[in-house]
Each structure stands twice: as C-alpha cells, then as structure tokens.
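Residues per chain are reported as follows:
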Amino acid sequence: MLEMPQGQQAFAIVDRIYEAAFATELWPEVLAVASAISRSANGAIFVVSDHSPVRAVTETHLQPLLDEFMKGDTWRFSESVKRLCAAQPASFVRVACEEIERDPVRKTATAFGIGPHLCTAIPMPGGELVLFVFQRWLKDGSYDQAAIDLLNGLRPHLARAGLVAGRLGLERARTAVSILREIGLPAAIMSGSGRVLTANPLFEGMADVFLPTAHGGMAIADQTANALFQQAIAQNRDNRVVRSIPVAPSKGGPRWSFSCCRCAAPRTIFFRVQMYWLSQPRSVPAPLFRRPMCFQACST
C-alpha cells in the first residue's frame, strides 16, 4: 500500500525539498524520491513563461533525454500542456486517456513505455507557471487515489520551496546590483519580458539615458540605440551573443557604448533574469563617474 512516509522518512523527503530551494542541484534527487514513493517512472519540473523559453529539470539519468526533447517544438503543439497551463490545477490531477492518445508529447512518451500522468501547477510571483509532472510505466497501470493523496501531501512543500527559490534568486540578484554599486557601476535587473525588477541608485540617477516604459519596462532615450537594446533583451533570453550598441551623446554628455551579452551564472530553475550594468572603456582616462561607459547584460 502507498502511504505517506512516516517518521524519519517523511522528515527526510520534506527536508530535502526545502534544501533544494537553496541548492538547485538537489531537485533531481527530490524528484527521484517522490517518484519512488509514488511508484512513478519519473518526475519532472517545467517552468512556463510567455516571455522566455520553457525551463525543465528531471531525474539525473533522464535529463539528457529531456534536454534533447526540449530543443524541438513538439511540446508547443501539446493540447495537454495548453489545458494544464490554462486550468492551473491546485492539486495533482490525472491527464485524461483520450488526451494522451492524441497528444504528440504523450505519443512520444508512450513510445518509451510511459503511460499515466499526474500534474499540478503553481503560479509564481514573477508570472511564470511551474508544472510538477509525474509519470508511470504503462505496465504499472493508472495512479490510484493513495498515490495521488501522497503527492498532494508533498505539494504544499513543493510550492513553498519553489517560492523560496524564486525569492532567493531575486535577493541574490539584488545583492549583485548592490555590489556593483559599491564599485561605482550603475546596474539593473530585468525579467525575461523586459520588466525592471530592481536597480541601484546609480542606475536610477541616469534619467537622461534610461526612460521608463509601460508595464515596468525600460528604454534608451536614443531611438536608434533603443531599437538595438530591445532586440538584445529578447535575444538574451536564449543565447550568449555579445553585442555592442553605440549611443549618441546627450546634451553635454559623453558618447556611450552598450555591450550586451548573456553569461553563465548561478541560477535556479524557478528564477531567471537579465542583469545589466555599465562599465568604463579602458581607453578613457577620466574619473570613474565621468567616463563613457559600456552597457553589459547577463542572464542569471
């Protein structure tokens, strides 16, 4: 009989869930344990957003397969994924058999011997939707109510851990912005959609260069530079191409050069942003705050 683990086992899995909020590399282990106690073939987490690529993590031995699958567009045509994102079930629910038969994602899973699915959705403050998905082998049959109750018992902990991880990611980003302020660099954090999440006072004091836009966005006052900047914001969501954007000088101000890139940085599946900062070209021997600067961007 499937029952919620008691005593030390129960504490161990719940503790591990909250540990994963601080150490993202532990999520595959959490999924493996949850799969084992629910007699699932595997478990996975998907983070869906309107403004950035889907992020996904699964158990360690299946991650390469999932990464390869996510490179394609098959999942975009999944009616099951669309319905789950729209319904946002507040508990683990079964995916209807007729959907599995028609869905291209489910057809791929069936080819590997994967059958019944359970899924729940957790909205994040940043607008992302987190899907927790568990799947069983066809040979093991459908999920019974005991297994569903077991996973629903873990759901509040999974949700809180996800929220903690997202909050922790934002706090780390804010710390980075503060550190850049200490060394004299204006900096800002933006979401994948281009919404400014936080900025240091040096950045906020440059109102002649950066302009607020609708929905918390940001633009460069120079129109030509801004067109390239907005393009860079969109492209930085999924590549690490370095870009240099020249900015015409404002009245009495220096000419600026904005370099935009995405660089590798510690991050969690629940939180990913773009960080922009200004650095000084070495060729200008002027005081720190009076030099022309380069605009840098990275995704964390």
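Right above here is the structure, for reference.
Rules and cut-offs
Residues numbered from 1 in each chain as written. Predicted model: local features only at pLDDT ≥ 70, side-chain atom pairs only at ≥ 80, totals over all residues. Heavy atoms only, no water. Helix = DSSP H or I, 4+ residues; strand = E, 2+ residues; numbered from the N terminus. Buried < 20%, exposed > 50% of the residue type's maximum accessible area, 1.4 Å probe, protein only. Contact = heavy atoms within 4.5 Å. Areas by Shrake-Rupley, 256 points an atom, 1.4 Å probe, with all protein chains shown as cover. Pairing = 2+ DSSP bridges. Salt bridge = Lys/Arg side-chain N within 4 Å of Asp/Glu carboxyl O. Polar contact = N/O pair within 3.5 Å; in protein donor to acceptor, adjacent residues only side chain to side chain. Core = buried A, V, L, I, M, F, W, Y, C linked by side-chain atoms within 4.5 Å. Phe/Tyr/Trp six-rings, centres within 6.5 Å; stacked < 30°, edge-to-face > 60°. Expected span 1.5 Å × (residues − 1). Bend = angle between axes of the 7 residues up to and from the residue.

Trainee: Requested: an account of the overall build of the chain, with residues and values cited.
Mentor: The secondary structure content of the chain amounts to 9 helices and 13 strands. Residue burial in the chain is summarised as follows: out of 300 residues, 49% are buried. Of all intrachain contacts in the chain linking residues separated by at least 6 positions in sequence, the fraction that spans at least 24 positions is 56%. For the chain, the accessible surface area stands at approximately 15,000 Å², while carbon and sulfur atoms represent 57% of it.

Trainee: Let's hear about unusual backbone geometry: which residues, and what values?
Mentor: One non-glycine residue, Arg39, lies in the positive phi region at around 55 degrees. The backbone of His215 sits at a positive phi, close to 60 degrees, despite the residue not being glycine. Relative to the elements of secondary structure, His215 occurs in the loop between β8 (210-212) and β9 (218-220). By relative accessible area, His215 is classed as exposed at 76%.

Trainee: Just give me the short version of the sheet that holds strand β2 (residues 55-58), but keep the residues and values in it.
Mentor: The sheet built from 5 strands is open, its strands ordered β2-β1-β5-β4-β3 with antiparallel pairing. Edge strands, defined here as strands with exactly one partner in the open sheet, are β2 and β3 (93-94). Bridge count for strand β1 (residues 42-48) against β2 is 4 bridges, and the pairing is antiparallel. Along β2, the bridge assignment pairs Phe46 with Ala56.

Trainee: Can you tell me about the pattern of salt bridges, naming the residues and giving the values?
Mentor: By the definition in use, this model includes 5 salt bridges. For Glu19, the salt bridge identified is with Arg16, shortest N-O distance 2.4 Å. With Glu19 and Arg16 both in helix α1 (residues 7-22) and 3 residues apart, this pair spans about one turn of that helix. Given a relative accessible area of 34%, Glu19 falls into the partly exposed group. Judged by relative accessible area, Arg16 falls into the partly exposed class, the value being 26%. Here Arg167 and Glu171 are joined by a salt bridge, their closest N and O atoms 3.2 Å apart.

Trainee: Outline the environment of Arg16, supporting the account with residue identities and numerical values.
Mentor: The spatial distance from the C-alpha of Arg16 to the C-alpha of Glu29 is 8.4 Å, given a sequence separation of 13 residues. In contact with Arg16, not counting residues within four places along its chain, are Leu26, Glu29 and Val30. Of the polar contacts made by the side chain of Arg16, one reaches the side chain of Glu19; its length is 2.4 Å.

Trainee: An account of the nonpolar core is needed here, citing residue identities and associated values.
Mentor: Judged by nonpolar contacts, the single largest core of 34 residues is most densely connected at Trp27, Ile45, Phe132, Leu154 and Phe270. Listed by contribution, the elements that provide at least two residues to this core are α1, α2 (27-37), β1, β4 (114-123), β5 (129-137) and α7 (145-182).

Trainee: An account of the packing of aromatic side chains is needed here, citing residue identities and associated values.
Mentor: Counting across every chain of the model gives 3 aromatic pairs. On the numbers, 6.4 Å between centres and 55 degrees between planes, the contact of Trp27 with Phe132 is tilted. With Trp27 in helix α2 and Phe132 in strand β5, this pair connects stretches of sequence that are 105 residues apart. Across the pair, Phe132 and Trp27 agree in class, each one buried. On the numbers, 4.3 Å between centres and 15 degrees between planes, the contact of Phe203 with Phe210 is stacked. Summarising the burial analysis for this pair, Phe203 and Phe210 share the class buried.

Trainee: Go over α7 with me, naming the residues and quoting the values.
Mentor: With 38 residues, α7 ought to run about 56 Å at 1.5 Å a step, and its terminal C-alpha atoms sit 55 Å apart, in line with that. Taken as a whole, α7 carries its principal kink of about 35 degrees at Leu154; the proline Pro156 stands between one and four residues after it. One or two positions beyond α7, positive phi appears at Gly184, with a value near 85 degrees.

Trainee: Could you give me a rundown of the environment of Ala41, with the residues and numbers involved?
Mentor: Considering the arrangement of structural elements, one finds Ala41 in the loop between α2 and β1. Classification of Ala41 by relative accessible area gives buried; the value is 12%. Considered as a pair, Ala41 and Asp140 are 99 residues apart in the sequence and their alpha carbons are 9.0 Å apart. In this structure, Ala41 is in contact with Glu59, Ile114, Gln135, Arg136 and Trp137, ignoring residues within four places of it in sequence.

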